Amino acid sequence: MIGIYNQNELEVQEIIFYGLYALQHRGQESAGIAVTDGSSITYHKGMGLAADVFDEKTLERLKGGKAGIGHIRNTRAGERMYANAQPLVTRYKKGSMALVHDGKLVNAHLIRNDLEEAGAIFQTSMDIEVIAALIAKYIDLGLEEALKKLISVIKGAYALMIMTEDRLIAVRDPLGIRPLVLGILDDSYVIASETCAFDTIGAEYIRDVKPGEILIVNEDGLTSIQTPVPLHSSLCIFEFVYYARTDSTIDGISVYMARKQAGARLASEHPAEADLVIGVPDSGTTAAIGYAEASGIPYGEGFIKNRYVGRTFIRSSPHIREQGVRIKLNALRRIVKGKRIVVIDDSIVRGTTSKKIVEMLRLAGAIEVHMRISSPPVRFPCHYGIDIDTSDQLIGYHNDVDEICNIIGADSLGYLSLEGLMKTVEGSGCGFCRGCFSAEYPIEPEK
Ligand code: AMP
């Protein structure tokens, strides 16, 4: 998500488009931008990557924005449809609003049931529509009170942006599960999911939005409202493992430094007798550099990645589907042949990637393959928006490390311990959710 309130002569639609481009790793299913000229909201959205959804013509139509918000969406199978693309633009009795959401609520279905009982009609399966309905319900209290009431009712992970005709609003949930940052471009405030978007558009980072904080930006400037929060926040640790871009900083911690340190710790927890350390690009590269530096084993490029394959692509025939990882990655025979290889990736989820990686390295002539993972086994589902739905799909839920090693066909397998991973984010001053590794959830899904 990215939003801007224009105090200069900025081309809002272009800034948001390039911001979305920088945030594309957070979702590839749909993209959308809504802008307001101060009195009415215009939007465009569609399925696919930001670069597929927008072209000069569609961006031209969004010119003249006083403020704007953009979103790219990461959905689970079954939810991939245009109706679920964001921003959600809707009318309520005081006018129009456009809304975007990153995360997942744990009680949206209960609120939706209550609202439906009272006669509300929903058109999508998105949490954001429930949020819009609640704001509309409470709006007679005034916008600030309506937002406070909203926060007291919805539970779970949410970084939100709401744009009315004349205001840009951002909200981070009281546990601070998903990241959200505030920056400035000339005199215009910008809010985004990650700092890498600021670097891309030339904005300056100011600070992270605080858990439970509401930011309202309008013609008069920025207002912050702090709502009550629990004693400990719960930033998602998986942001540092995989989700966030390596060049972002979240709640004071550089994702790059955390990943590099994870690699170094992995080297001391699970050393290996080997000739070369390689990473699975791009997710394992930084940790591989850390492992190599700490172990003294040389680092090399063992895989070349096809840069033009996104995280999703059409898998037409079963033969092509089977090739999956191969379409993305190719092992460098000249580099790995005849060597004992340590190969680093950030995580094993279902186990499909690791199995292929080991197979490809052996086919390319590696004599030993030692798999090292810069996070603990993913064993439990995520209730807060990372696409890990049920334990059934997780290789780490059904099997211990030796069994996983056998399944993926490696000579040895070592995962970073949870204590080791938590050391990589020490000093952030915030608490962390590590539910996917330990089943300790800061907020339980409501039945
Ligand atoms: P798998 O093949 O299911 O074991 O997936 C592991 C690979 O997918 C690793 O290379 C990770 O970098 C990447 N990965 C980890 N978590 C996710 C996620 N939530 N969505 C997509 N890819 C992921």
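This structure is a prediction, so every number in the text was calculated from the model and none was measured.

Re the packing of aromatic side chains
- Per the stated rule, a full pass over the model turns up 9 aromatic pairs.
- Centroid distance Phe17 to Tyr21: 5.7 Å. Interplanar angle 70°. Geometry classified as edge-to-face. Placement of both Phe17 and Tyr21 in helix 1 (residues 12-22) is noted, with a separation of 4 residues, approximately one turn of the helix.
- Given a relative accessible area of 8%, Phe17 falls into the buried group.

Quick look at helix 15 (residues 401-408)
- Every buried residue of helix 15 is accounted for by Ile404, Cys405 and Ile408. An end-on view of helix 15 places all buried positions within 105° of arc, on one side of the element. Exposed residues on helix 15 whose side chains face more than 90 degrees from its buried face are Asp402 and Asn406.
- Those residues of helix 15 that are buried lie in contact with helix 13 (352-363), strand 21 (368-373), helix 14 (395-398) and strand 22 (412-415).
- Once helix 15 finishes, Gly409 follows within two positions and takes phi at roughly 80°, a positive value.

Concerning the site of the ligand
- The local shell around the ligand holds 13 residues, among which Asp345, Asp346, Arg350, Gly351 and Thr353 are the closest.
- Ser283 is positioned such that a nitrogen or oxygen atom in its side chain is 3.1 Å from an oxygen atom of the ligand.
- Val349 places a polar main-chain atom, nitrogen or oxygen, 2.8 Å from an oxygen atom of the ligand.
- Look at the ligand: alone it shows 500 Å² of surface, and the protein chains cover 81% of it.
- Residues belonging to the shell around the ligand are distributed by class as follows: 5 nonpolar, 5 polar and 3 charged.

Some thoughts on the nonpolar core
- Core analysis: the largest hydrophobic core is formed by 48 residues, its most contacted members being Phe240, Tyr384 and Phe437.
- Where this core is concerned, the elements lending two or more residues are strand 14 (235-236), helix 8 (238-243), helix 9 (255-269), helix 10 (285-295), strand 20 (340-345), helix 16 (418-423), strand 23 (432-433) and helix 17 (435-438).
- Element by element, the count of residues in this core is highest for helix 9, at 5 residues.
- Counting the residues that make up this core, at least three belong to each of domain 1 (2-232) and domain 2 (238-438).
- Those residues in contact with Phe240, other than ones at most four positions away along the chain, are Leu235, Ile250, Ile253, Val255, Ala258, Arg259, Val425 and Phe432.
- Counting 32 residues, the second-largest nonpolar core is a separate cluster that includes Ile111, Ile131, Ile169 and Val171.

What about the packing of helix 4 (residues 108-117) against helix 5 (residues 127-138)?
- Where helix 4 meets helix 5, the closest approach of the two axes is 10 Å, and the angle between their N-to-C directions is 50°. When the interaxial angle is binned, helix 4 and helix 5 end up oblique. Read as a crossing pair, helix 4 and helix 5 show a hand that is left-handed. Contacts between helix 4 and helix 5 involve Ala108, Ile111, Arg112 and Leu115 from the first element and Asp127, Val130, Ala133, Leu134 and Lys137 from the second.

What counts, and where the lines are drawn
- Residues numbered from 1 in each chain as written.
- Predicted model: local features only at pLDDT ≥ 70, side-chain atom pairs only at ≥ 80, totals over all residues.
- Heavy atoms only, no water.
- Phe/Tyr/Trp six-rings, centres within 6.5 Å; stacked < 30°, edge-to-face > 60°.
- Helix = DSSP H or I, 4+ residues; strand = E, 2+ residues; numbered from the N terminus.
- Buried < 20%, exposed > 50% of the residue type's maximum accessible area, 1.4 Å probe, protein only.
- Arc of directions from axis to C-beta.
- Contact = heavy atoms within 4.5 Å.
- Near = heavy atom within 4 Å.
- Polar contact = N/O pair within 3.5 Å; in protein donor to acceptor, adjacent residues only side chain to side chain.
- Areas by Shrake-Rupley, 256 points an atom, 1.4 Å probe, with all protein chains shown as cover.
- Nonpolar A, V, L, I, M, F, W, Y, C, P; charged D, E, K, R; others polar.
- Core = buried A, V, L, I, M, F, W, Y, C linked by side-chain atoms within 4.5 Å.
- Domains from an automatic or database assignment.
- Axes fitted to C-alpha atoms, helices over the stretch in contact; angles between N-to-C directions.
- Parallel < 35°, antiparallel > 145°, perpendicular 65-115°, else oblique.
- Left-handed = near helix turned anticlockwise from the far one by under 90°.

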